[in-house]
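So you can see what is in the structure, the chains are spelled out below.
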Amino acid sequence: MKRKITLKQIAKELEVSISTVSKALKDSDEISADTKQKVKAFAKLYNYRPNTIALSLKNRKTKNIGVVIPDIVHHFFTTVFRGIEKCANEHGYNVVVCVSDESYEKEVFNMELLANGSIDGFIMSVSAETQQKNDFSHLKEVMEQGFPLVLFDRVIDEIKCDKVVMNDEQIAYDATVKMLDEGKKKIALVTTESYFNVSEKRAEGYKKALLDHNIAYDEKLTLVLPFKGIEESYIENFVENESFDGVLCVNEIFAVLLMGAAQKKGIKIPEDVSVIGFTDGLLSRYSSPTLTTVAQHGEKMGERAAEMLIEKLENEIGFDEEEVYKTEVIEATLLERGSTINN
């Protein structure tokens, strides 16, 4: 994919001012017929499309980075934001953060608001509703308007941009194998709806670990919880009705709630049931017992996302050069604590 040509680039190539190019494209009487013809022919040749944003605003640098995250309460997103801000500040950029609250409409509104001359580029993790709707037109639109975009954690395959992800499938595989190595035979999975690509990858890692150890996947041992309005009763019913000796949870909230429900029933952790969660937050460190968890290294992910965006902003490619996108993988770490058996 080639980056969209800008007014500035047309002006530079034809050795005229940006104002002349803009007026020529608008067929202004102030510009000679010959110049208008040259500008229009050049713009057509390179498929120029005017931005919907005020061009005078877009052609100046704001030194601001727009960040859109789904949730400010979740420990992981907080650490990612910390990493983005640290790297941005070191390079002389400010960070403007918006929270989509897992809403598609709010995500679109936030991006439109920030794109109106407030920022130079975007870093974001898409909302649950955006993944559910499978509608990414607003992401394509900002890129067509000339804004570099870096996606992290929840990324979209259809969007060609720089991305920073975690090795979700591999670390879920490793976590499941850890419990299998403890001698656990019936390992459950507590997850979210499959349109969450990170949850789906973690589920794939879990299933692959079972398969590699000749254990059949049992659908009854997978509890799928909604991304909003989680009721403790869902987990309590699962603990009451299913028999298992290990659990992999896709976040630390699910893991801590499950441990509480199991202990209420008299189940000992980790002797009877081992539990592993994702996200090394305060809940993991201060639960009883402390939770064995997957450290996602959110701050590192945020720093890398900011580095990738700033690199794009400060090294503009020519309109006839091919845009190159990278996907960086952050290796997660399994931190062993009291909710699993130390081998």
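Predicted model only: the values in this text are computed from it and were never measured. (Residues numbered from 1 in each chain as written. Predicted model: local features only at pLDDT ≥ 70, side-chain atom pairs only at ≥ 80, totals over all residues. Heavy atoms only, no water.)

Novice: Help me understand the pairing of strand 3 (residues 121-124), please; the structure alone is not making it clear to me.
Specialist: Looking along a regular strand, one sees side chains alternate from face to face of the sheet. Along strand 3, one buried face is formed by G121 and I123 and the opposite face, lined by F122 and M124, is buried too. The pairing of strand 1 (residues 64-69) with strand 3 spans 4 bridges and is parallel. Looking at the pairing, V67 lines up with I123 of strand 3. (Buried < 20%, exposed > 50% of the residue type's maximum accessible area, 1.4 Å probe, protein only. Helix = DSSP H or I, 4+ residues; strand = E, 2+ residues; numbered from the N terminus. Pairing = 2+ DSSP bridges.)

Novice: Mind showing me how you'd approach the state of the cysteines here?
Specialist: Note: disulfide means a covalent bond formed between the sulfur atoms of two cysteine side chains. Considering all chains together, one arrives at 0 disulfides under this definition. Between C161, a free cysteine, and C87, which holds the nearest cysteine sulfur, the sulfur-to-sulfur gap is 17 Å. Of the residues examined, C161 reaches a relative accessible area of 4% and is grouped as buried. (Disulfide = S-S within 2.5 Å.)

Novice: Sorry if this is basic, but what is going on with helix 10 (residues 197-212) here?
Specialist: Each α-helix turn comprises 3.6 residues. Residues three or four places apart therefore point the same way. Here helix 10 is 16 residues long and its end C-alpha atoms lie 22 Å apart, about the 22 Å a rise of 1.5 Å per residue gives. Restricting attention to buried positions, one finds in helix 10 the residues N197, V198, S199, R202, A203, G205, Y206, A209 and L210. Two residues or fewer after helix 10 comes N214, characterised by a positive phi angle close to 55°. (Expected span 1.5 Å × (residues − 1).)

Novice: Even after reading the chapter, I still don't get the packing of aromatic side chains, so can you show me in this structure?
Specialist: Aromatic ring pairs are defined here through the distance separating the ring centres and the angle between the ring planes. Applying the stated criterion across every chain, the model contains 6 aromatic pairs. For the pair F42 and Y46, a centre-to-centre distance of 4.9 Å together with 45° between the ring planes defines the contact as tilted. Classification of Y46 as partly exposed rests on a relative accessible area of 33%. Considering the side-chain rings of F238 and F244, the 5.4 Å spacing of their centres and the 20° angle between planes classify their relative orientation as stacked. When sorted by exposure, F238 lands in the same class as F244, which is buried. Among the aromatic residues, those joined into a ring-pair cluster are F76, F77 and F152. When the ring centre of F278 is taken as reference, the NZ or CZ atom of R202 above it lies at 4.1 Å. (Phe/Tyr/Trp six-rings, centres within 6.5 Å; stacked < 30°, edge-to-face > 60°. Lys NZ or Arg CZ within 6 Å of the ring centre and 35° of its normal.)

Novice: So what exactly am I meant to see when it comes to the pattern of salt bridges here?
Specialist: A pair can form between side chains of opposite charge whenever their charged atoms are brought close. This structure, assessed with the given rule, holds 19 salt bridges. One salt bridge connects K264 with E236, and the closest N-O pair in it is separated by 3.4 Å. Of the two residues, K264 sits in helix 12 (residues 252-264) while E236 sits in helix 11 (residues 232-241), which places them 28 residues apart along the sequence. On the accessibility criterion, K264 (66% relative accessible area) is exposed. According to the relative accessible area criterion, E236 is partly exposed, its value standing at 31%. Residues participating in the shared-partner salt-bridge network are D27, K36 and K40. (Salt bridge = Lys/Arg side-chain N within 4 Å of Asp/Glu carboxyl O.)

Novice: Looking at this model, I keep getting lost on the environment of A128. Mind explaining?
Specialist: By the element assignment, A128 lies in helix 7 (residues 128-133). A128 gets classed as buried once you look at its relative accessible area, which sits at 0%. On a C-alpha basis, the gap between A128 and F196 in space is 6.8 Å, while along the polypeptide they are 68 residues apart. Non-local contacts of A128, meaning those with residues more than four positions away in its chain, are made with E102, R154, Y195, F196 and F227. (Contact = heavy atoms within 4.5 Å.)

Novice: Can you walk me through the sheet that holds strand 1 in this structure?
Specialist: Through backbone hydrogen bonds, the strands of a sheet pair up, either in parallel or in antiparallel fashion. Within the open sheet, the 6 strands sit side by side as 2-1-3-4-5-11. Their pairing is parallel. At either end of the open sheet lies a strand with only one pairing partner, and these are strand 2 (94-99) and strand 11 (327-330). Averaged over all pairs of adjacent strands, the angle between strand axes in this sheet comes to 15°, irrespective of strand direction. The pairing of strand 3 with strand 4 (residues 149-152) spans 3 bridges and is classified as parallel. The partner of I123 across the bridge, within strand 4, is V150. (Axes fitted to C-alpha atoms, helices over the stretch in contact; angles between N-to-C directions.)

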